[in-house]
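Given next are the chains, with one letter for each unit.
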Amino acid sequence: MTKTTASSDTAEAGTDEYITVTIADQLFGLPILEVQDVFMPETVTVVPLASNDVAGVLNLRGRIVTAIDMRKRLGLEPREAGAPQMAVGIEHKGESYGLIIDQVGEVHRLSDETFEPNPANLDPRWTTVSAGVHRLEGSLMVIFDVNKVLGLDTENPVVNVAA
Amino acid sequence: MDDLLGEFLTETAESLDVVDVELVKFEQEPNNAGILDNIFRLVHTIKGTCGFLGLPRLESLAHAAETLMGKYRDGVPVTPEGVSVILETIDRLKEILEELGETSAEPAGSDDDLIAQLDQFSGIGGGEQEEAPVAADAPAETAAAPEAAPAESEMQIVERELKPGEVSLDDLEKAFQETSGPEEVAADGNDAETVPAAQDKKEPAKEAAADGAKAKGGKEGGVKQSIRVNVDTLEQLMTMVSELVLTRNQLLEMVRRLDDSEFKVPLQRLSTVTAELQDGVMKTRMQPIGNAWQKLPRIIRDLSNELGKKIDLQMKGAETELDRQILELVKDPLTHMVRNSADHGLEITEDRIKAGKSEVGTVTLSAYHEGGHIIILVADDGKGLDADKIKEKVIDNGLATQAELDKMTEAQIHKYIFKAGFSTATKVTNVSGRGVGMDVVRTNIELIGGIVDVTSVQGQGSTFTIKIPLTLAIVSALIVESCGQRFAIPQLSVVELVRTHENAEHRIEMINDTPVLRLRNKLLPLIKMSQLLGLKVVEPEEEKADSDDQNFFVVVIQVGAQYFGVVVDSVFDTEEIVVKPMSTMLRDIPLFSGNTILGDGSVIMIIDPNGIAQAAAASDANQSVSEAEEQQEHGVAADEKTPMLIFRSGSDEPKAVPLSLVTRLEELDVTTIERSDGQDLVQYRGTLMPLVHMIDNPNRKEEGAQPILVFADERHSMGLVVDEIDDIVEDRLNVEFASQKPGVIGSAVIKGMATEVIDIGHYIEKAFSDWSEPGDSSYMAGKTRLLLVDDSAFFRNMLAPLLSSAGYEVTIADSALSALELRDSGADFDVIVSDIEMPGMDGIAFAETVRDDPNWQKTPIIALSSHSTPQVIERSRQAGFIDFIGKFDRQGLIESLKDCSSHMGAAA
């Protein structure tokens, strides 16, 4: 695969490297430049009155990280008790967030030729966090838009990405 | 040059503050040569430096002031008029300095008026004598720069030539030179540090001179050494130390679990060092509270002249130290309180004599430490609070009924002065009663976790007590548990802990499912933490709870004058915690003020006592909302009160504008108002602000202060010139007669007076032709069709022009039903903005109807309401509103509409 630089209609222009994660057997991709680290979420403190998809806060090497449960965010079934979970650490405007997902895969380098905007019939809960889809051989990879995932207004996303 | 100028500005500003204080002292003790010397020296230094830096205006002003002081030093009798002129000169110097700081150049202008006055007092010709030393002075300073100590001696010789006859200073000087031997070495080292930093040879000479002056004036043996450090550096240091403290706590916790560990001894040492480091760094942030008091003597002096009262300001404990950050935050409230005490607290002289008191009223300001807190008292020996007057005002404002007041103690009644919009001053003076009253003081103090209280005895005076934490960075917190989750409650607001048990003395009792506790013959309202936070009680525990219903802890919390108990399951110890801000995602939860990492490494949420108090109050408000809804069903409009600013302009009739539209109240010196292109302009916060008059041919004031109302949005600000600001009242706004007059929405009865309600939009358009251009027109390809539904004529009149000027095609409906009629007639809109509280069909029902309608289903609908409790917001979201905006939040509405259209753009 040749490295292409232009992918002007996505927020992560010039980048085509993704870390793949799986949530409920669906493949997702996160732009690698956005990802700070990958860790096992342990002893998460629940935050009462927080929105439903906030799993809580946790201590990651002395930093307080706000953990977002991506299953809840995407409107999926909750994880079975004892099922493995991982978290992807993201830094946003000086604040630390962790996206709780099922599994972390590998790093993929993808050409933007395989990239497409969100299908029109995609669940609105998914379009609020997705920048688009990469057509891979044998599977589809939904790309997370970090700004959208961390956007506070879940019902009225402001970010205007794929036109 | 910039570095040098910056240094000069900071130093001169400090010197001028000292001069201010010293001058007031001097006026009272005209024979104290020490004070005069000190002032003289400071002004002289300023003059010298100005000459060196080429600042002629400052130099000539300082020179004229110095000349007059020289006369006083030579024995000319001191007059209050003379001192007033010098004070005025100091003010002028400050103004010029401020401008200098902004533009790096001395502003143009003439000070001949002041200089003439000063010369008149000192007798003409006096200036020339001083001229020679000035000229000699500056070169002396520069020439001697590389070597600090000689510079100092030379400079003082020059200074001494000014006034022969005072030989004793020579001896003092010699003594100083001799004794300062050991310090000199250190002083040189100090200078070596500052020279490269300042990149200028001027620096050491000036500092050394200042040091020498200090030692001489204060007659202190040693030279106090200091370097200037950037505040950010200190802040960062503090953050790092806080982190270190946390890590140490974590380590200690880990080692505690091990019985025998080789880490114990080194860890002990680490612990001690960390504690000392923390202390040290805290000290760098500490400043004596006297720094916040510096301006007060001057304020009191001016007040005393203005009000014709004799006032003595006593300050005790000025050396009490507290955190810089807190010092900044209490400065303004303190100034306000002292003004208040002098203005409202103290009687006029005749009344004092009649009451058999000494004719000089005393305002005492004192500060001391008390267990991790600092206590500041502002006391006056005036007339005390008038409980009857407060009662009247309470009833007028509808804060309580006569029956309720009758049951209250005097102290409880006094506390009403901290309520919003409360001023017992019968007339608004120049000094206080401007609406920024004690409630603002209270809010500011509470923001930093402090408490303000008042005790007063009629006829004998009042004492205001402020209790604030020493620092904001590290707080001690009580760790509690509810439903298996731990939370931290800041210790400052915790009054006591009570354990409740079925058979014990304290048990929880219920009134209509509301828990209360009898505590020392008082009923304490209780709030269950689990309920407050919506925590789920674990099932088996609930069964157990039936038998063990009473086994709780009650944390008694004080917020302002309000006491309440928070019921928790158990209480752990107290811990020192470093408050860390919550992430943006969690910041909208008002019950938490932050989070922190505990010694065991777990993250814990910090409860905000103010948030709890508000949540408790909100449940009341919720009740009143539902009551209001009931009223609406009966066709009665909700009784909404709007804070209004009452002012007079152009004519005698009172005029009103909703307070929330006003950005600031300002008083400008009329001499700063300039005219250009037929428009009055003033330089305000670094930009030119247009001033708008309400009548066409206003009588412009020639001198004095001009009150203006400042209205601002993100790009513009405008000043509306008014004659007088009368009051701030909270009243029902009911525009009874719509007006045809431009700029007037209509008339309303406010405080029993027919008042013109002003249409600010009109004046804004008058000031800016481009105001109506939308800020960001990228989304405004075609005109967005907007339907505004609101039952209040006032809001329709206020919002419709605003929205259409922002580029929307506005259609108005005065009720939900008429909006639905529009729908039935086939009208189509891109966005709907609807009030929530409306008679007949309310906004919630309206939104639900719209959502069910196939034609309008997709139209986004935005809620407007003055009741923004989380419950109402939640309900409106469920009903289908996409956003919820406070009624006066014009900017918020525009933003929300912008978001909305961008969203539509994205969807299209």
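Student: Would you take a moment to explain the interface of chain A and chain B for this structure?
Tutor: One widely used convention gives an interface's size as the accessible area the parts lose upon coming together. Facing the 26 residues of chain A at the interface are 29 residues of chain B. Summing the contributions of chain A and of chain B, the shared interface buries around 2,400 Å²; its carbon and sulfur component is 61%. For the pair chain A and chain B, the interface holds one salt bridge. Residues A:E95 and B:R587 are paired through a salt bridge, measuring 2.9 Å at the closest nitrogen-oxygen approach. One can count five residue pairs in polar contact (both at pLDDT 80 or more) joining chain A with chain B. At the level of secondary structure, the elements contributing two or more residues to the side of chain A that touches chain B comprise β4 (54-60), β5 (63-69), β7 (95-101) and α3 (146-150) of chain A.

Student: Looking at this structure, how should I read the confidence of the model for chain B?
Tutor: Detailed reading of predicted coordinates is not advised where the pLDDT is low. All names here are of chain B. Summarising the model, chain B shows a mean pLDDT of 73, and 76% of its residues fall at 70 or more. Segment residues 125-173: pLDDT under 50, and 63 contacts once partners within four positions in sequence are set aside and those in other chains are kept. The model gives residues 539-547 a pLDDT under 50, and that stretch makes one contact with residues more than four places away or in other chains. Overall fold confidence for the complex sits at a pTM of 0.43, while the interface term, ipTM, reaches 0.80.

Student: When you look at the environment of B:V480 in this model, what are you seeing that I'm missing?
Tutor: Residues and elements named next belong to chain B. Examined against the element boundaries, V480 turns out to sit in strand β8 (residues 474-482). With 87 residues separating them along the chain, V480 and V567 place their C-alpha atoms 9.8 Å apart. Beyond its immediate stretch of four places on either side in the chain, V480 contacts Q485, R486, F487, I489, M529, V555, V568, S570, V571 and F572.

Student: When you look at a negative patch on the surface in this model, what are you seeing that I'm missing?
Tutor: Residues and elements named next belong to chain B. On the surface, a cluster of negative charge is made up of E95, E98, E102 and D669. Broken down by element, the negative patch gets its largest block of residues, three residues, from helix α4 (residues 80-103). Locating E102 in the fold gives a position in helix α4. Judged by relative accessible area, which is 54%, E102 ranks as exposed.

Student: Looking at this model, I keep getting lost on the sheet that holds strand β11 (residues 508-511) of chain B. Mind explaining?
Tutor: Strand pairing in a sheet is mediated by backbone hydrogen bonds. Such pairs are either parallel or antiparallel. Residue and element names in this part refer to chain B. Read from one edge of the open sheet, six strands run β10-β14-β15-β13-β12-β11, paired in mixed fashion. Two strands bound the open sheet, and with one partner strand each, they are β10 (494-500) and β11. The average undirected angle you get between the axes of adjacent strands in this sheet is 35 degrees. Note that strand β13 (residues 522-528) and strand β15 (residues 562-568) share three bridges and pair parallel.

Student: Which parts of the structure should I look at to understand the nonpolar core?
Tutor: A general tendency of soluble globular proteins is for nonpolar side chains to be buried together. Membership of the largest hydrophobic core comes to 57 residues, with the highest contact counts inside it found for A:L30, A:F144, B:F487, B:M529 and B:F592. Of all the elements, strand β14 (residues 552-559) of chain B adds the most residues to this core, at four residues. Beyond its immediate stretch of four places on either side in the chain, B:F592 contacts A:V47, A:P48, B:F487, B:L533, B:M582, B:M605, B:I606, B:I607 and B:D608.

Student: What is the right way to read a nonpolar patch on the surface from this model?
Tutor: Judged by side-chain polarity, B:L251, B:M254 and B:L270 come together as a nonpolar surface patch covering roughly 240 Å² of accessible area. On the secondary structure map, B:M254 appears in helix α11 (residues 231-257).

Student: Would you mind showing me how to read unusual backbone geometry here?
Tutor: Most peptide bonds take the trans form, and the phi angle of most residues other than glycine is negative. One non-glycine residue, A:A24, lies in the positive phi region at around 45 degrees. In this structure, B:C483 is a non-glycine residue whose phi angle is positive, near 50 degrees. Structurally, the position occupied by B:C483 is in the loop between β8 and β9 (485-490). Overall, B:C483 belongs to the buried group, its relative accessible area being 15%.

Student: Which parts of the structure should I look at to understand the pattern of salt bridges?
Tutor: Charged atoms that come close allow side chains of opposite charge to pair. Residues and elements named next belong to chain B. Counted by the stated rule, this structure contains 31 salt bridges over all chains. Residue D20 is joined to K94 by a salt bridge in which the shortest nitrogen-to-oxygen separation is 3.0 Å. Here D20, found in helix α1 (residues 2-28), pairs with K94, found in helix α4; they are 74 residues apart in sequence, far enough to count as distant. Using a relative accessible area of 22% as the deciding quantity, one classes K94 as partly exposed. Several salt bridges share partner residues, and in doing so they unite D17, D20, D91, K94, K295, R298, R301 and D302 into one network.

Student: Is there a simple way to think about the sheet that holds strand β25 (residues 705-712) of chain B in this case?
Tutor: Residue and element names in this part refer to chain B. With respect to topology, six strands assemble into an open sheet ordered β21-β25-β26-β24-β23-β22, the strand pairing being mixed. Of all strands in the sheet, those bounded by a partner on one side alone are β21 (664-669) and β22 (673-676). Here the strands of the sheet are splayed against their neighbours by 40 degrees on average, with no regard to which way each runs.

Student: What is the right way to look at the packing of aromatic side chains in this model?
Tutor: To describe a pair of aromatic rings, you give the distance between the ring centres and the angle between the ring planes. Taken as a whole and judged by the stated rule, the model has six aromatic pairs over all chains. Note on B:F26 and B:Y72: the rings are 6.2 Å apart at their centroids and 45 degrees apart in plane angle, and the pair reads as tilted. With B:F26 in helix α1 and B:Y72 in helix α3 (residues 56-73), this residue pair connects regions lying 46 residues apart in the sequence. Judged by relative accessible area, which is 1%, B:F26 ranks as buried. Residue B:Y72 is classed as buried on the basis of its relative accessible area, which comes to 6%. Both rings, one in B:F487 and one in B:F592, keep their centres 6.2 Å apart while their planes meet at 10 degrees; by these two values the pair is stacked. With a gap of 105 residues between them, B:F487 in strand β9 and B:F592 in strand β17 (residues 592-597) connect regions that are remote in the sequence. By relative accessible area, B:F592 is classed as buried at 4%. Site record: aromatic cluster; members linked through ring pairs are A:F28, A:W126 and A:F144.

Student: Explain the packing of α3(B) against helix α5 (residues 112-122) of chain B here, please?
Tutor: Each pair of packed helices can be described by the angle between their axes along with the distance between the axes. Residue and element names in this part refer to chain B. Axis separation between α3 and α5 bottoms out at 9 Å; the angle between their running directions is 15 degrees. As the angle between them shows, α3 and α5 are arranged roughly parallel. The interaxial crossing formed by α3 with α5 has left-handed handedness. Contacts between α3 and α5 pair S60, L61, A64, A65, T67, L68 and K71 from the former with L114, I115, L118, D119, F121 and S122 from the latter.

Student: Explain the side chain of B:S602 to me, please; I cannot follow it from the model alone.
Tutor: Residue and element names in this part refer to chain B. When you line up the elements, S602 lands in the loop between β17 and β18 (603-607). Note on S602: relative accessible area 16%, which makes it buried. Separated by 2.9 Å, the side chains of S602 and R486 make a polar contact. Setting aside residues no more than four positions away along its own chain, S602 makes contact with R486, T596 and I597.

Student: Can you walk me through helix α27 (residues 843-852) of chain B in this structure?
Tutor: Every α-helical turn comprises 3.6 residues, leaving residues that sit three or four positions apart pointing alike. Residues and elements named next belong to chain B. The set of residues buried in α27 consists of G843, I844, F846, A847 and V850. Buried positions in α27, seen along its axis, are confined to an arc of 160 degrees and lie on one side of it. Lining the buried residues of α27 we find β31 (784-789), α26 (816-824), β33 (831-835), β34 (861-865) and α28 (870-879).

What counts and how
- Residues numbered from 1 in each chain as written.
- Chains lettered and ligands numbered in written order.
- Predicted model: local features only at pLDDT ≥ 70, side-chain atom pairs only at ≥ 80, totals over all residues.
- Heavy atoms only, no water.
- Contact = heavy atoms within 4.5 Å.
- Buried area = accessible area lost by both parts, 1.4 Å probe.
- Salt bridge = Lys/Arg side-chain N within 4 Å of Asp/Glu carboxyl O.
- Polar contact = N/O pair within 3.5 Å; in protein donor to acceptor, adjacent residues only side chain to side chain.
- Helix = DSSP H or I, 4+ residues; strand = E, 2+ residues; numbered from the N terminus.
- pLDDT = per-residue confidence, 0-100.
- Patch = residues over 30% accessible without salt bridge, like charges linked within 9 Å, V, L, I, M, F, W, Y side chains within 5 Å.
- Areas by Shrake-Rupley, 256 points an atom, 1.4 Å probe, with all protein chains shown as cover.
- Lys, Arg positive; Asp, Glu negative; His and termini not counted.
- Charge placed at Lys NZ, Arg CZ, Asp CG, Glu CD.
- Buried < 20%, exposed > 50% of the residue type's maximum accessible area, 1.4 Å probe, protein only.
- Pairing = 2+ DSSP bridges.
- Axes fitted to C-alpha atoms, helices over the stretch in contact; angles between N-to-C directions.
- Core = buried A, V, L, I, M, F, W, Y, C linked by side-chain atoms within 4.5 Å.
- Phe/Tyr/Trp six-rings, centres within 6.5 Å; stacked < 30°, edge-to-face > 60°.
- Parallel < 35°, antiparallel > 145°, perpendicular 65-115°, else oblique.
- Left-handed = near helix turned anticlockwise from the far one by under 90°.
- Arc of directions from axis to C-beta.

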